[in-house]
Amino acid sequence: MPTILGQNQYGKAENRVVRITRDGDTHHIKDLNVSVALSGDMDEVHYSGSNANVLPTDTTKNTVFAFAKEHGIQSAEQFGIHLARHFVTSQEPIGTARIRIEEYAWERIATSDANSRFIGADDVKHSFVRKGQETRTTQITYDGQKWEVVSGLKDLTVMNSTNSEFWGYAKDRYTTLKEAYDRILATDVSARWRYNWTDDEERMPNWEKSYEQARKHMLQAFAETYSLSLQQTLYQMGSRIIESRSEIDEIRFSLPNNHHFLVDLEPFGLENDNEVYFAADRPYGLIEATVLRDGAEQRIPVDMTNL
């Protein structure tokens, strides 16, 4: 045979599942986009077309929705762990399951209090608004023995309107950028962090608390760092998370530098004292790096689009 089969996987991508939990009149929402990828003893289906070892992708889709009912959705990570374990342990040909999940957060709409003239407004506990702009992510991989959980977020837009500089950089004859001693620093955070939980014998992290705390420390570090470069801010964000969360060993960031340029108002006889900016969406600087706990192995892919 002049060719051989390389790595392969299959599954059902982007299963949108919304789970409503009704606690009396108070409702809770979990809104997930779940993608399942399975690999293992699948050579024959590629070579001869035999489907004997193939669990239909339609079945994987049905499993996602059935598990939302049977197990509920405590967290994106826990739900992914239930699914990965099921596929690997219930189907002998399947050696590895990879579950990718995006979570869309909702928050309850604050309604009028009991003294409101709107009758019954204080009783509304089932209305929600999409929370923020960021999307929570997780990827669970299980091979029947070891787990790998990589969680994170994307599209978290942040800005510091001051306490940022950029100067002292290398220059050549093509350099036109002026040094800045007071600038806007803005970015859309894309981050992935790897948990050091890998074995069922180990204590499992509190996934919801861990995500909330990682996000909190990330934002605090962004706000509290007097930045001389976006690279410096990135490192502080990663360091703060790893120093504060013992369950996380590695975090990788991809941070576009959302440039804001002062507008020249002199032609109109106006002085622009760091007040009016042009927000450029492209091209943009792109800063990427991994921050590791000392002694940890880097495992998150350098190209985050391949996560």
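Described below are features of the structure shown in this document. Predicted model only: the values in this text are computed from it and were never measured.

Bringing the packing of helix H4 (residues 207-224) against helix H5 (residues 230-244) into the picture now. The geometry of H4 relative to H5 is characterised by a closest axis approach of 8 Å and an angle of 140 degrees between their N-to-C directions. Taken together, H4 and H5 sit at an angle that is classed as oblique. Two packed elements cross with a definite hand, and for H4 against H5 that hand is right-handed. Between H4 and H5, the contacting residues are Ala-214, His-217, Met-218, Gln-220, Ala-221, Phe-222 and Glu-224 on the first element and Thr-233, Gln-236, Met-237, Arg-240, Ile-241 and Ser-244 on the second. Within the contact of H4 with H5, the residues separate by chemical class into 6 nonpolar, 5 polar and 2 charged.

Right, let's talk about the sheet that holds strand E3 (residues 94-103) for a bit. Strands sit in the order E1-E2-E3-E6-E7-E8-E9-E12 across an open sheet of 8 strands; the sheet is antiparallel. Only two strands of the sheet have a single partner each, and these edge strands are strand E1 (15-23) and strand E12 (285-292). Shown here is a sheet whose adjacent strand axes are inclined to one another by a mean of 20 degrees, direction ignored. Judged from the 8 bridges that link them, strand E6 (residues 135-142) and strand E7 (residues 147-160) form a sheet pairing that is antiparallel. Note on E7: the bridge partner recorded for Arg-136 is Leu-153. Sheet strands touched by helix H2 (residues 57-70): E1 and strand E2 (26-40). Its angle to E1, the strand with the most contacts, is close to 15 degrees. Strands E2, E6, E7, strand E8 (185-195) and strand E9 (248-257) of the sheet are contacted by H4, whose axis makes an angle of about 35 degrees with E7.

Further remarks concern the side chain of Asp-31. Note on placement: Asp-31 falls in strand E2. Sequence-distant contacts of Asp-31, defined by excluding residues within four places in its chain, comprise Arg-16, Val-17, Val-18, Glu-102, Glu-103, Tyr-104 and Trp-106.

Turning next to unusual backbone geometry. Peptide bonds are trans in most cases, and residues, glycine excluded, mostly fall at negative phi. Of note, the amide linkage connecting Arg-282 to Pro-283 takes the cis form, showing an omega dihedral of -5 degrees. When you line up the elements, Pro-283 lands in the loop between strand E11 (277-279) and E12. Positive phi outside glycine occurs at Asp-155, with the angle close to 65 degrees. Considering the arrangement of structural elements, one finds Asp-155 in strand E7. Positioned with a positive phi, Asn-163 is a non-glycine residue whose angle comes to about 60 degrees. The residue Asn-163 is located in the loop between E7 and E8 in this model.

In a regular helix each residue adds 1.5 Å, so 15 residues correspond to 21 Å; helix H3 (residues 76-90) covers 21 Å between its end C-alpha atoms and thus fits that length. All buried positions along H3 are accounted for by Ala-76, Glu-77, Gln-78, Phe-79, Gly-80, Ile-81, Leu-83, Ala-84, Phe-87 and Val-88.

Parameters and conventions
- Residues numbered from 1 in each chain as written.
- Predicted model: local features only at pLDDT ≥ 70, side-chain atom pairs only at ≥ 80, totals over all residues.
- Heavy atoms only, no water.
- Axes fitted to C-alpha atoms, helices over the stretch in contact; angles between N-to-C directions.
- Helix = DSSP H or I, 4+ residues; strand = E, 2+ residues; numbered from the N terminus.
- Parallel < 35°, antiparallel > 145°, perpendicular 65-115°, else oblique.
- Left-handed = near helix turned anticlockwise from the far one by under 90°.
- Contact = heavy atoms within 4.5 Å.
- Nonpolar A, V, L, I, M, F, W, Y, C, P; charged D, E, K, R; others polar.
- Pairing = 2+ DSSP bridges.
- Expected span 1.5 Å × (residues − 1).
- Buried < 20%, exposed > 50% of the residue type's maximum accessible area, 1.4 Å probe, protein only.

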